[in-house]
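# Architecture and fold: a report
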Amino acid sequence: MNSKWHFNPRRPCDRMRDSANDAFFTAESLENLSEALVREGIQNSIDAAERDTNGVWQITVRIRLIPHSTPEARQFLAANFSSARQNFERGLDRPNLEDLFDEDCGFLVFEDFGTKGLTGDILEWRLERATQNAFFSFFRAEGNSAKSGENLGRWGIGKQVFPTASRLHAMFGLTVRDGDPSRVLMGSAVVRTHSVGEQDFQPDGWFGCRDSESDPVKPVTDAHFIDSFANVFGLKRGNSPGLSIVVPSIDERVNAEDIRRGIIRSFFWPILLGGLIVELEAPNGIWRID
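What counts, and where the lines are drawn
- Residues numbered from 1 in each chain as written.
- Predicted model: local features only at pLDDT ≥ 70, side-chain atom pairs only at ≥ 80, totals over all residues.
- Heavy atoms only, no water.
- Salt bridge = Lys/Arg side-chain N within 4 Å of Asp/Glu carboxyl O.
- Helix = DSSP H or I, 4+ residues; strand = E, 2+ residues; numbered from the N terminus.
- Buried < 20%, exposed > 50% of the residue type's maximum accessible area, 1.4 Å probe, protein only.
- Contact = heavy atoms within 4.5 Å.
- Pairing = 2+ DSSP bridges.

### Describing the pattern of salt bridges
- This structure, assessed with the given rule, holds 18 salt bridges.
- Close ionic contact of Arg 62 with Glu 281 constitutes a salt bridge, the shortest N to O distance being 3.6 Å. Here Glu 281 lies in strand 9 (residues 276-282) and Arg 62 lies in strand 2 (residues 59-66), a separation of 219 residues in the sequence.
- Arg 62 gets classed as buried once you look at its relative accessible area, which sits at 5%.
- With relative accessibility at 25%, the residue Glu 281 sits in the partly exposed group.
- The salt bridge involving Arg 253 is made with Asp 251; its shortest N-O contact spans 3.0 Å.
- Arg 253 sits in the partly exposed class, given a relative accessible area of 43%.

Below you can see the structure in the form of structure tokens.
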């Protein structure tokens, strides 16, 4: 089954809406987009950490910033956004997407290791059956989280910082977890309510596979496609449990210096305790913060 972007048509009975989270997380309203990325992303990785019987954990977060895209990444993005190009153009209010796929539009990779990944039934779409379903909360819910208790991050809101940092307002997530299937890839986007021709569309988009318009979008499970995706964006996920996020066409204000500052500013304590290691790769250097 072919994977592609899917947007749901807006029905006459549907409320006209744009994401409240989009308004909350507009890049202009953030004090520092780079720090917001690491603050939200690392906190949620800590919450998903595998803990031993004494509650002890250690995770490694890998952040890779590529300001100037590789030819392979540009080709991948152009090919896989082609089927919904008009949806993104109308939803982003842009005449075309060509400048978002050129060599000046890089990407960001955020990977965690020592975590559980996005566990839960990948096909579940009903809230009352999605308790403690991290996959549902990450990809299918807005303002809803599977977290509770001591967990500080909230995938209900914090995850929105990733598409906010993309000029395409999109992200991809590859997760390896204890479940069947164990390795899945899905994309998510939040643009504006828009029209293509005579058809109105909802603002939410998903990248994956679908049997019909009335069915939820399913994540990609094809091993060849996932391997190709991992190679194109230089992921180190392999078969290690955890989550790898790719933010395409990264906002030009995201930079390595602010990322480093955000890591230290927000997470100096778990780093000093030995629970968190962060590896940062950028054109001007490679750092291991421990």
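### Considering unusual backbone geometry
- The phi dihedral of Asp 93 falls on the positive side, at around 55 degrees, and the residue is not glycine.
- As for its placement among the helices and strands, Asp 93 is situated in the loop between helix 4 (85-92) and strand 3 (107-113).
- Here His 169, not a glycine, exhibits a phi torsion of approximately 55 degrees, which is positive.
- One can find His 169 in the loop between helix 6 (161-164) and strand 4 (170-176).

### Describing the side chain of Arg 183
- Looking at the secondary structure, you find Arg 183 in strand 5 (residues 183-190).
- For Arg 183, a relative accessible area of 18% puts it in the buried group.
- In contact with Arg 183, other than residues within four places in its own chain, are Leu 174, Thr 175, Val 176, Val 220, Thr 221, Ala 223, Ile 226, Asp 227, Gly 238 and Asn 239.

### Examining the pairing of strand 9
- The buried count for strand 9 comes to five of seven residues, which makes it a mostly enclosed element.
- Here six bridges tie strand 2 to strand 9, and the two strands are oriented parallel to one another. Among the inter-strand pairings, Thr 60 is bridged to a residue of strand 9, identified as Ile 277.
- Where strand 9 meets strand 10 (residues 285-289), five bridges bridge the pair, whose relative direction is antiparallel. Looking at strand 10, one finds that Ala 282 is bridged to Gly 285.
- As consecutive antiparallel partners, strand 9 and strand 10 are separated by two residues.

Without other data, these values stay purely geometric and don't point to any function.
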